[in-house]
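Here is what each chain is made of, one letter per residue.
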Amino acid sequence: PSLSITPLWAGAKGDGISDDTEALQKTIEFCLSTKLSLRSTTQKYAVSGTLLIPRNFDSTFTKSRHIDLDFGYSDFILTADNPLFESGYYNESGILVSSFGQPFESQNSFEIQLHGFSISSTIGYPNSAAIRIQDWHQGCELYSVTTNIFKTFLESRQNFYMNFRKL
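Now for a description of the structure that goes with this document. (Residues numbered from 1 in each chain as written. Predicted model: local features only at pLDDT ≥ 70, side-chain atom pairs only at ≥ 80, totals over all residues. Heavy atoms only, no water.)

What follows is about helix α1 (residues 21-34). Taking 1.5 Å per residue as the helical rise, α1 with its 14 residues ought to reach 20 Å, and the 20 Å between its terminal C-alpha atoms agrees with that figure. Those residues of α1 that fall on the buried side of the exposure criterion are Thr21, Ala23, Leu24, Gln25, Thr27, Ile28, Cys31 and Leu32. Positive phi appears at Lys35, one or two residues downstream of α1, with a value of about 65°. (Helix = DSSP H or I, 4+ residues; strand = E, 2+ residues; numbered from the N terminus. Expected span 1.5 Å × (residues − 1). Buried < 20%, exposed > 50% of the residue type's maximum accessible area, 1.4 Å probe, protein only.)

Now the structure itself:
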């Protein structure tokens, strides 16, 4: 079994009222940098900003690269009109930025599983897409996600051999 952490480790409250955006982002970045998995119990996370998932790339293909972001059927409650998740990368200044809309295949990710959550909102029906990903490839999966509040659920660009199931 892989080692894992929960967003509560980084200070998330999971009460549906406190803004958990910063703690969730910190947990996701820590998981990707240490190759730990995220395992949440069922919580209600209030989110005011987009959560960026850093790329997961290993050009040698010899390291263990699998990252499991399992939110344990938690509910993400959006408090602003923005995507919940976007693929990201660290730019030349070391700042995590969105890779969505960047030149294709510039920041590939492999072996990321994102799953086990629902999305609701305190702002009605958001205009943004719920999830925006680009350049996710072999071993990446998005599954067990539910929502009924978005005009566009998923914007997906240049994702080869990615598995979408039980959406």
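Picking up where we left off.
Take the pairing of strand β9 (residues 112-121) next. With respect to burial, β9 is a largely interior element, 7 of its 10 residues being buried. Sheet topology note: the strand β6 (residues 67-78)/β9 ladder contains 9 bridges and is parallel. Looking at β9, one finds that Asp68 is bridged to Gln113. Of the strand pairs in this sheet, β9 and strand β11 (residues 141-147) are connected by 6 bridges, and their pairing is parallel. The residue of β11 that forms the bridge with Phe117 is Val145. (Pairing = 2+ DSSP bridges.)

Turning our eyes to something else, we now look at the packing of aromatic side chains. Under the criterion given, the structure shown has 8 aromatic pairs. Ring centres 4.7 Å apart and planes at 35° place the aromatic pair Trp9 and Phe30 in the tilted group. Taken together, the residues span a long stretch of sequence, with Trp9 in the loop between β1 (4-5) and β2 (15-19) and Phe30 in helix α1 at a distance of 21 residues. Judged by its relative accessible area of 42%, Trp9 is partly exposed. Ring geometry for Phe76 and Phe85: centres 5.6 Å apart, planes at 80°, overall edge-to-face. Exposure class is identical for Phe76 and Phe85. Each is buried. Each residue in the set Tyr45, Phe71, Phe76, Phe85 and Phe117 is aromatic and connected to the rest through ring pairs, giving one cluster. Seen from the ring of Trp9, Lys26 lies directly overhead, with NZ or CZ sitting 5.6 Å from the centre. (Phe/Tyr/Trp six-rings, centres within 6.5 Å; stacked < 30°, edge-to-face > 60°. Lys NZ or Arg CZ within 6 Å of the ring centre and 35° of its normal.)

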